[in-house]
Protein chains: 2
Amino acid sequence: MTKAMIGIDLGGTNVKTAVVSREGDVLGKDSRPTDAEQGLEAVLDKMVEGVDAALQAAKVQRADVLAAGIGAPGPMNWQTGVVFAPPNLPGWKDVPLARLMSERLQIPVYVDNDANVACYGEFWLGVGRKVDSMVLLTLGTGVGGGIVLMGQLLRGPDGTAGEIGHLCVKRDGRQCNCGAKGCLEQYASVSGMLKTARKRIEQGGLNTLLLEMCGGALDNLTGKMISDAVEQGDTFAKWVMEETGRWLGTGIGSIINLLNPEMVVLGGGMIGAGDVLFNPVRETARAQSFEVPGKRAEIIPAGLGGDAGVIGAAGCALNRVERDAGKGS
Amino acid sequence: MTKAMIGIDLGGTNVKTAVVSREGDVLGKDSRPTDAEQGLEAVLDKMVEGVDAALQAAKVQRADVLAAGIGAPGPMNWQTGVVFAPPNLPGWKDVPLARLMSERLQIPVYVDNDANVACYGEFWLGVGRKVDSMVLLTLGTGVGGGIVLMGQLLRGPDGTAGEIGHLCVKRDGRQCNCGAKGCLEQYASVSGMLKTARKRIEQGGLNTLLLEMCGGALDNLTGKMISDAVEQGDTFAKWVMEETGRWLGTGIGSIINLLNPEMVVLGGGMIGAGDVLFNPVRETARAQSFEVPGKRAEIIPAGLGGDAGVIGAAGCALNRVERDAGKGS
């Protein structure tokens, strides 16, 4: 058989693994808890167990695997596969993850940033499979991102390219955890949306279901409450979602002017809001960008859901294997 | 001899031409008025005259030229070399510039966006010659830009990539000529700097040389007056320049987070201000970006001055000739 690829999505909560053919068929999958609190060795064992389980599900032998790719939390040196000190993997410090996993699996292992890998997954096999350039924004607690240009994942010399959540959309705006001010993430993530809601509610004079839903305690407000209130026709909740969309559209307009991408893909739980979110995103992005590239850039929901990471990790590894082979010839 | 390249920088005021060897030596140059108001044919004639004069200065025959590159004002289709309707070339509408000049010069002609071409010039032979990625911002009446990533000029499908001046640094900020609000250009260009100065002066209570310099008429204020006042130790003028630098640093911080470039190059007349401008730019860019890529990205003045356009146009053409040859083999 043609050799298969392994893709691993290493998160702080779960390790997901997939066996993917070179053509992009997912042959087998596995997901198990990371047990990050048990430290490095335990996590590496979990990853090996996940690989074996996915291979078994796929009915593929280890000997038939060309290489493995890992999407890991940054910062990192993607060239050497060393992961620096990810906040959600306690005890990890300058871990040579590619080498350690390569020793265990006896195949070449490549490490890339998890958000970049998800972007590459959508580019390789998801909604971006027919374009040459795309940008992915993953809307969760924060805003993750990835960029593909000229058919290649943009990593940058430090592997930090694609931090779209940390585009400044308002100088001297909200303080971000990254140390900067006015980052897109502070307005366009779930937590950003909650800040927008709380700030306006605190000004008073509002009639909204949200007050009841959170029992009057604004700290208990969640993204789901906002979605639910929107569905129940709550005007204020709808404004909050739309305002979040306008912030997002502001950032996306900048990206369109900067990169002229064919496609801007939105992923993460928040995209379940549908048109209430997407309409203001599209309107603002068009208003904030030049006409020709603004019309060009399709703004659409991601297609691979939770599989983007494992598929992208396998795809990134395949891409790097092929590039390394090209260099050697 | 090895064949040489021709680079043409087509501006609304002047047509500049250079003959450049494949190794990047400038062998001969010419500059003459565009006479844009005389229409398309006259401008094409001027370009041919410029080429002949530059070849004569370089002592190179037309037969020894491999190809010509033109840096032209956008928007355009760089693949086909059709220039749409540049505001400073009256009467031009969907002009097949590459074809028209190729017929006249009897060599392959490639057209690229003028700001992108200047960026490529600095990348090929200027301050960026040792890096693989860089971003150029040209600070003039507006803010022009160009991006090189993974060793390639980023054009995008519409050739509009690199519009760094139209990155939004303040949602709902100053109205920009492009139709959007809060564009970097509205704060970090010469005209943006003048707006910042006027706005603050209008609030009153200031003691500044600028008032005297412009004869009390704020509309007469120029960038040079601000530079002069800075040199004479005017505190307010210094604040204006620094504030402009902080806006610029805000935009550059975003670019660093997004692209992780090795170098950010500033060009245009404003960079003559030196440290008064560069210090706040660097401080703000660092504060507004992640630590690792923020330390990586050198922020430095451009090196080629007015020659970046002609050199870059020749370099872009050489790059495209070589790429086309690669495809054919």
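A word on the relation of the copies chain B and chain A. Overlaying chain B with chain A gives an RMSD of 0.1 Å, the required rotation being 180° about an axis along which the chain moves by 0.0 Å. Taken together, the rotation and translation relating the two chain copies correspond to the operation of a two-fold axis. Considering only C-alpha atoms, the residue of chain B closest to the rotation axis is Lys170 of chain B, which sits at 2.0 Å. In this assembly the copies share their binding face: 100% of the residues contributing to the interface of chain B also contribute to that of chain A.

Another aspect to go through is the sheet that holds strand β12 (residues 263-267) of chain A. Residue and element names in this part refer to chain A. Strand order in the open sheet formed by five strands is β11-β10-β9-β12-β13, with mixed pairing between adjacent strands. Strands at the two margins of the open sheet, each flanked by one partner only, are β11 (152-153) and β13 (298-301). Where strand β10 (residues 143-149) lies against β11, two bridges are found, and the strand directions are antiparallel. Looking across to β11, one finds that Leu149 is bridged to Gln152.

Inspection of the secondary structure puts Ala273 of chain A in the loop between β12 and α9 (275-287). For Ala273 of chain A, the contacting residues outside a window of four places in its chain are Ser227, Val230 and Met241 of chain A.

Attention now moves to the domain arrangement of chain A. Residues and elements named next belong to chain A. You can read the domains of chain A as domain 1 (4-113 + 307-328) and domain 2 (127-302). On a C-alpha basis, the centroid separation for the pair domain 1 and domain 2 is 29 Å. Residue-level contacts link eight residues of domain 1 with six residues of domain 2. When residues of the side of domain 1 that touches domain 2 are traced back to their parent elements, those giving at least two are β5 (76-77) and α11 (308-328). Split by residue class, the side of domain 1 that touches domain 2 holds five nonpolar, three polar and no charged.

Residues and elements named next belong to chain B. Here helix α7 (residues 223-231) has its buried residues at Gly223, Ile226, Ser227, Ala229 and Val230. Down the axis of α7, the buried set is contained in an arc of 165°. They therefore lie on one face. Looking at α7, the residues exposed on the side facing more than 90 degrees away from the buried face are Lys224 and Glu231. Residues of α7 that are buried in the fold lie against α5 (190-202), α6 (209-213), α8 (235-259) and α9 (275-287).

Rules of the game
- Residues numbered from 1 in each chain as written.
- Chains lettered and ligands numbered in written order.
- Predicted model: local features only at pLDDT ≥ 70, side-chain atom pairs only at ≥ 80, totals over all residues.
- Least-squares fit on C-alpha atoms with pLDDT ≥ 70 in both.
- Contact = placed C-beta atoms within 7 Å.
- Pairing = 2+ DSSP bridges.
- Helix = DSSP H or I, 4+ residues; strand = E, 2+ residues; numbered from the N terminus.
- Domains from an automatic or database assignment.
- Nonpolar A, V, L, I, M, F, W, Y, C, P; charged D, E, K, R; others polar.
- Buried ≥ 20, exposed ≤ 12 C-beta atoms within 10 Å, placed from the backbone.
- Arc of directions from axis to C-beta.

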